[in-house]
Amino acid sequence: MTKKIEKIILILLISYSIYISLIVGMGWDEIVHQKNGKNLIRYLFSIGNLEYRSLGLPFHFGFYDAFSHFVSLNFPIKYSVFSHHITNLFFSIMTIIGISQLTKFLFNKKLSKFVYVITFLNPIFFGHMSVNPKDTIIAFALVWINLLFLKYLKFQKIDFKRTRYIYFIALILSIGLSIRLTFIATLIPIFLIFIYEVAFNKKNSFILKHFLIDFLKVFLISYLVTIAFWPEMHKNIFTQNEIISKYFNSLINGEYGLYWGLIDGQAYNLSNVPKNYLYVNLFYRMPEFFVFSLPILIFILFYDFNFFKNRFLNFKKNLIYSSCFIIVPILIITLMSVKANNGLRYFLFLLPFLSIVPALVIFYLYENKKKILNKVILFFLIISFCSYFINFIRIAPYHYTYINYFNGKFSNNLNKFQNDYWGLSIKELIGKFETSYSIDRHQKYKIAFCGVSLDIAQYYLDKIKNFNYIKVSSNEDYDFIVMVNLLNGDRSSTFKNIKSCYTQFSGNDLFSVERSELKLSIIRDNHKNN
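Residues numbered from 1 in each chain as written. Predicted model: local features only at pLDDT ≥ 70, side-chain atom pairs only at ≥ 80, totals over all residues. Heavy atoms only, no water.

*Asks:* Quick question: what am I supposed to make of the state of the cysteines here?
*Replies:* Here a disulfide denotes one covalent bond, and it connects the sulfur atoms of two cysteines. For the structure shown, the criterion picks out 1 disulfide. One disulfide bridge connects cysteine 450 with cysteine 501, the sulfur atoms lying 2.0 Å from each other. Since a negative S-S torsion denotes a left-handed disulfide, the cysteine 450-cysteine 501 link at about -75° is left-handed. Within this pair, whereas cysteine 450 is found in strand β3 (residues 444-450), its partner cysteine 501 is found in helix α21 (residues 501-504), the two being separated by 51 residues in sequence. Taken as a pair, cysteine 450 and cysteine 501 share a single burial class, namely buried. (Disulfide = S-S within 2.5 Å. Helix = DSSP H or I, 4+ residues; strand = E, 2+ residues; numbered from the N terminus. Buried < 20%, exposed > 50% of the residue type's maximum accessible area, 1.4 Å probe, protein only.)

Here it is as structure tokens:
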């Protein structure tokens, strides 16, 4: 009976995620990466004879873009967007499977099932699963490299397993590096674990010669794959230091993405990201039961540590390892004042590991449910989860906009956070405009935009039959403006003159996309023309 229930839950989760992949709109960068993949495939299959048409992505290496485009070639053109979403979704689900397998390796199978469900239903991770061709792929690569490397250390003496792990690690490392070179920094925890296993774990009979040979294989394979899908480096694959230097300078100076952000009602710019950025986002953007789990777990570990020692082999060591996957990146992010915006998008790789925390709590309470206090706490967490799950369904398919009740009603967050920062609701918004607005086929409408990707907005506007329009600046005279509530400013703007799109451009809201009374996107007319 339990097996049947598990299968039903698995089928429901995967089916729902596929449905969301079909109905959700495209994210900010999707079209750019789709074009990049197409250009790369043309360039590579011509063996360099055709010129690579750069889309201004010298720091984003195209292995994953090319792979995603290659997959899309097997779908009809009208399902091109869906094909990319399904590819992203596949890697996201593989991330969840990976963290489940890692939990099984470190702890046990039962706990891994809790981790699987909790990670799958994480609103931020789920909201990015099908639309994000970057950060979910980073998470995939990190989880699987950690798992495979731990298995490599355990089975190093078994040649066929060692060889298999090494080639998988090399390929997955190439995928991670194809998104961002800084991916390598996320591997610091596994490097620290490696040092401990080799230097201090006497039970581990480590063979240095094998490791050095295997390390060389991983380095060569990942380097060659990365360079192969990085056309800007093809002029000289050994001395393009200028590109790499610019890459790291852009990260240090915050010269990427949207320059202005909003956190709990406070505006900031990328040159001065608040030190508490990550902590505030984790506190408000994780489900309530997730947040409650951390202090509960600390209490349980102090109160009944022996339970875990008796249930899990090498629990203390493996708990330190899993904590290392969480704490070390958080310390690095904090100490280096990593430039970030878009909520937790850049930190999606942390969420699968963080899911181990509530999983341990639920596992303990369930296994010790005869005690009255444990029953009470478990019941409290179940109620908290049910409340969260209702909201999870309500805000579909824009799960990544989730903010918990610790910050009040969901609708109160209009000016506290930049909610639909990737503009996923633009598809639904323009769909409402198409079906409900009386379009004059003889008129050429002037459309302005604020806080949305022009590529995405124009993609959906171009699908409207008999709709003639021209794109104009928001500073010009326009008929309609398409907006999400981002802060509208650039590097020359100051805190005094920075405003959100909704505040800066007044008029009547003709159409909007709302979830739980929070307006995610708006088409507004120009009040000057009324």
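*Asks:* In this structure, what is going on with the pairing of strand β9 (residues 518-525)? I would like to understand it.
*Replies:* The side chains of a regular strand alternate, residue by residue, between the two faces of the sheet. The element β9 is largely enclosed, with a buried count of 7 among its 8 residues. Sheet analysis places strand β5 (residues 480-484) next to β9, joined by 5 bridges and oriented antiparallel. Along β9, the bridge assignment pairs valine 484 with serine 521. Direction of pairing for strand β8 (residues 509-515) relative to β9: antiparallel, over a ladder of 6 bridges. If you follow arginine 515 over to β9, its bridge partner there is leucine 518. The turn linking β8 back onto β9 is made up of 2 residues, and serine 516 within it adopts a positive phi angle of 50°. (Pairing = 2+ DSSP bridges.)

*Asks:* Is there a simple way to think about the packing of aromatic side chains in this case?
*Replies:* Here a ring pair, both rings aromatic, is described through the centre-centre distance and the interplanar angle of the planes. Applying the stated rule across the entire model yields 56 aromatic pairs. On the basis of an interplanar angle of 75° and a centroid distance of 5.1 Å, the ring pair of phenylalanine 283 and tyrosine 284 is categorised as edge-to-face. Among the residues examined, tyrosine 284 registers a relative accessible area of 13% and is labelled buried. Measuring from ring centre to ring centre gives 6.3 Å for phenylalanine 308 and phenylalanine 312, while their planes differ by 15°; the resulting arrangement is stacked. (Phe/Tyr/Trp six-rings, centres within 6.5 Å; stacked < 30°, edge-to-face > 60°.)

*Asks:* Where do I start with the packing of helix α7 (residues 135-154) against helix α9 (residues 188-199) in this structure?
*Replies:* How two helices sit against one another is set out by the angle between their axes and by the gap between those axes. Look at α7 against α9: their axes get within 11 Å of each other, and the N-to-C directions meet at 10°. The angle between the axes of α7 and α9 places the two elements in the roughly parallel class. Within the contact between the two elements, α7 uses Asn146, Phe149, Leu150 and Leu153 and α9 uses Ile190, Ile193, Phe194 and Glu197. Residue composition of the contact of α7 with α9, by class: 6 nonpolar, 1 polar and 1 charged. (Axes fitted to C-alpha atoms, helices over the stretch in contact; angles between N-to-C directions. Parallel < 35°, antiparallel > 145°, perpendicular 65-115°, else oblique. Contact = heavy atoms within 4.5 Å. Nonpolar A, V, L, I, M, F, W, Y, C, P; charged D, E, K, R; others polar.)

*Asks:* How should a positive patch on the surface be read in this particular structure?
*Replies:* A surface patch of like charges, here positive, comprises Lys3, Lys7, Lys104 and Lys109. The residue lysine 3 is located in helix α1 (residues 2-23) in this model. (Patch = residues over 30% accessible without salt bridge, like charges linked within 9 Å, V, L, I, M, F, W, Y side chains within 5 Å. Areas by Shrake-Rupley, 256 points an atom, 1.4 Å probe, with all protein chains shown as cover. Salt bridge = Lys/Arg side-chain N within 4 Å of Asp/Glu carboxyl O. Lys, Arg positive; Asp, Glu negative; His and termini not counted. Charge placed at Lys NZ, Arg CZ, Asp CG, Glu CD.)

Keep in mind these values describe shape, not function.
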